[in-house]
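Fold and geometry: a report
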Amino acid sequence: YIAFQSCWSLRTVNFPSSLREIHSYAFHGCSSLLHAFLNEGLQVIEDDAFRGCSSLKTIRVPSTVERLGAGALASCTSLMTVEISENLKSIGESALDSCHELRNVAFPSRVHEFGPKLFCSCTEIRRLLFDNFAVDYFDSYYDDDTNQRLIDIFKKRFDGLPAHKLCYSHSHQPTAQTIQGLK
C-alpha cells in the first residue's frame, strides 16, 4: 500500500483508468510531486494518501470519487487549488490540514460528511463556496442577512458539527457572530 511513500524524486504520476482506489500512505512524503493526474473511475482516495506532498500545487478530484480519506491531502504545503467533483460524498478528518497556501475551495452539494479539523492551519483561505454561496474570509464582518445564510448553510451541511472543529487557524477563525446559533 505504501509503494511510493517518501519517493523524493517522483515528480508526476498518471493513474491508469483501471485504478479504483489510492491506498493509505501511497504517496506520503513525496516532496517533489508536482502533478498527480487522477483518473475517471477512481472511487476512493484513502487516508493520508498524499500527505506531505509539499510541492503539489493543484489537484482535481475526478467525478467518480465518492470519498476523500482523513488527512488525504494534509501537509501539502504548496497546494493552492482543490477541484472537488460533484459526486464526492465524504471528506475525512483533517483532509486538508496544514495546506498553508490553500486559498479557494468549492464544496459540491452532495458532500454530507465533513470530518473535523478540515482546514486546520490553512492560514491563506480566502473563499469557501458552499452550494454556490460564497463565503469570503478576509477579516471582515457580514451583514445580518449574510450571517443568517452562512449559519443556515453550516447547519445544513455540517449536520451539528461545531463550526470551531473546522479549525480555521488564528486570525481566520469565524467570528462568534458568524457562528451564532450553532452547537
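Located above this text is the structure these notes cover.
Just so it is clear, the structure is predicted and the values come from calculations on it, not from any experiment.

Description of the overall build of the protein
When helices and strands are counted, the protein shows one helix and twelve strands. For the protein, the succession of helices and strands along the chain, N to C, is β-β-β-β-β-β-β-β-β-β-β-β-α. Within the protein, buried positions represent 45% of all 183 residues. Looking at the protein alone, contacts between residues at least 24 apart form 30% of all its contacts between residues at least 6 apart.

Examining the sheet that holds strand β4 (residues 44-45)
Think of a sheet as strands paired side by side through backbone hydrogen bonds, with each pair either parallel or antiparallel. Taking strand neighbours across the sheet as the criterion, the five strands line up as β2-β4-β6-β8-β10 in an open arrangement whose pairing is parallel. The outermost strands of the open sheet, each flanked by one partner alone, are β2 (21-22) and β10 (113-114). In terms of strand pairing, β2 meets β4 through two bridges, oriented parallel. Residue Glu 21 lies in a different strand from β4, and its bridge partner there is Val 44.

Things to note about the nonpolar core
Within soluble globular proteins, side chains that are nonpolar tend to cluster in buried spots. Within the largest apolar cluster, 41 residues are counted, with the highest numbers of intra-cluster contacts made by Phe 27, Phe 50, Ile 91 and Phe 119. In contact with Ile 91, not counting residues within four places along its chain, are Leu 68, Ile 84, Phe 107, Val 111, Glu 113, Phe 114, Gly 115 and Leu 118.

Structural notes on the pattern of salt bridges
Within the structure shown, the criterion is met by five salt bridges. Of the charged contacts in the structure, one is a salt bridge between Arg 67 and Glu 46, with a shortest N-O distance of 3.0 Å. Placement of the pair is Arg 67 in strand β6 (residues 67-68) and Glu 46 in the loop between β4 and β5 (58-60), with a sequence separation of 21 residues. Judged by relative accessible area, Arg 67 falls into the partly exposed class, the value being 29%. Glu 66 is the salt-bridge partner of Lys 89, the closest N and O atoms lying 3.9 Å from each other. Taken together, the positions of Lys 89 in the loop between β7 (81-83) and β8 (90-91) and Glu 66 in the loop between β5 and β6 put the pair 23 residues apart, joining distant regions of the chain.

Some points on the layout of surface pockets
Its volume calculated, the largest pocket comes out at about 170 Å³. Around the largest pocket, the lining is made up of twelve residues, and of these Phe 4, Phe 15, Leu 19, Ala 26 and Phe 27 lie nearest the centre. Grouping the amino acids of the lining of the largest pocket by side-chain chemistry returns ten nonpolar, one polar and one charged.

Here we look at the packing of aromatic side chains
Tallied over the entire structure, the rule returns three aromatic pairs. When the centroid spacing of 5.2 Å and the interplanar angle of 5 degrees are considered together, the rings of Phe 4 and Phe 27 count as stacked. Of this pair, Phe 4 sits in the segment before β1 (12-14) while Phe 27 sits in the loop between β2 and β3 (35-37), placing them 23 residues apart in sequence. We classify Phe 27 as buried; its relative accessible area is 3%.

Parameters at a glance
The residue numbering used here restarts from 1 in each chain and proceeds along that chain's sequence as written. pLDDT decides what is reported in this predicted model: residues at 70 or higher carry local features, side-chain atom pairs at 80 or more are listed and counted, and totals for whole chains, interfaces and linings draw on all residues regardless. The basis for every side-chain value is the complete set of non-hydrogen atoms in the structure, without hydrogens or water. Numbering of helices and strands runs from the N terminus, with a helix taken as a DSSP run of H or I at least four residues long and a strand as a DSSP run of E at least two residues long. Partly exposed describes any residue whose relative accessible area lies between the buried limit of under 20% and the exposed limit of over 50%, with all areas from a 1.4 Å probe on protein chains only and scaled to the type maximum. The contact criterion used is simple: two residues touch if any of their non-hydrogen atoms lie within 4.5 Å. We treat two strands as partners when DSSP finds at least two bridges between them. Here, nonpolar core means buried Ala, Val, Leu, Ile, Met, Phe, Trp, Tyr and Cys residues that are tied together by side-chain atoms lying within 4.5 Å of each other. By convention in these notes, a salt bridge is any Lys or Arg side-chain nitrogen within 4 Å of a carboxyl oxygen on Asp or Glu. Grid spacing is 1 Å over the protein atoms alone, the probe is 1.4 Å, and a cavity is where that probe fits but cannot get out, while a pocket is an open set with protein on both sides within 12 Å along at least five of seven lines and lining residues have an atom within 4 Å of a point. Grid points are joined across faces, edges and corners, and a volume is the space filled by probe spheres set on the points. Any residue outside Ala, Val, Leu, Ile, Met, Phe, Trp, Tyr, Cys, Pro, Asp, Glu, Lys and Arg is labelled polar, Gly included; the first ten of those are nonpolar and the last four are charged. Here the aromatic set is Phe, Tyr and Trp, taking the six-membered ring for Trp, and pairing holds for ring centres within 6.5 Å; pairs whose planes are under 30 degrees apart are stacked, those over 60 apart are edge-to-face, and all others are tilted.

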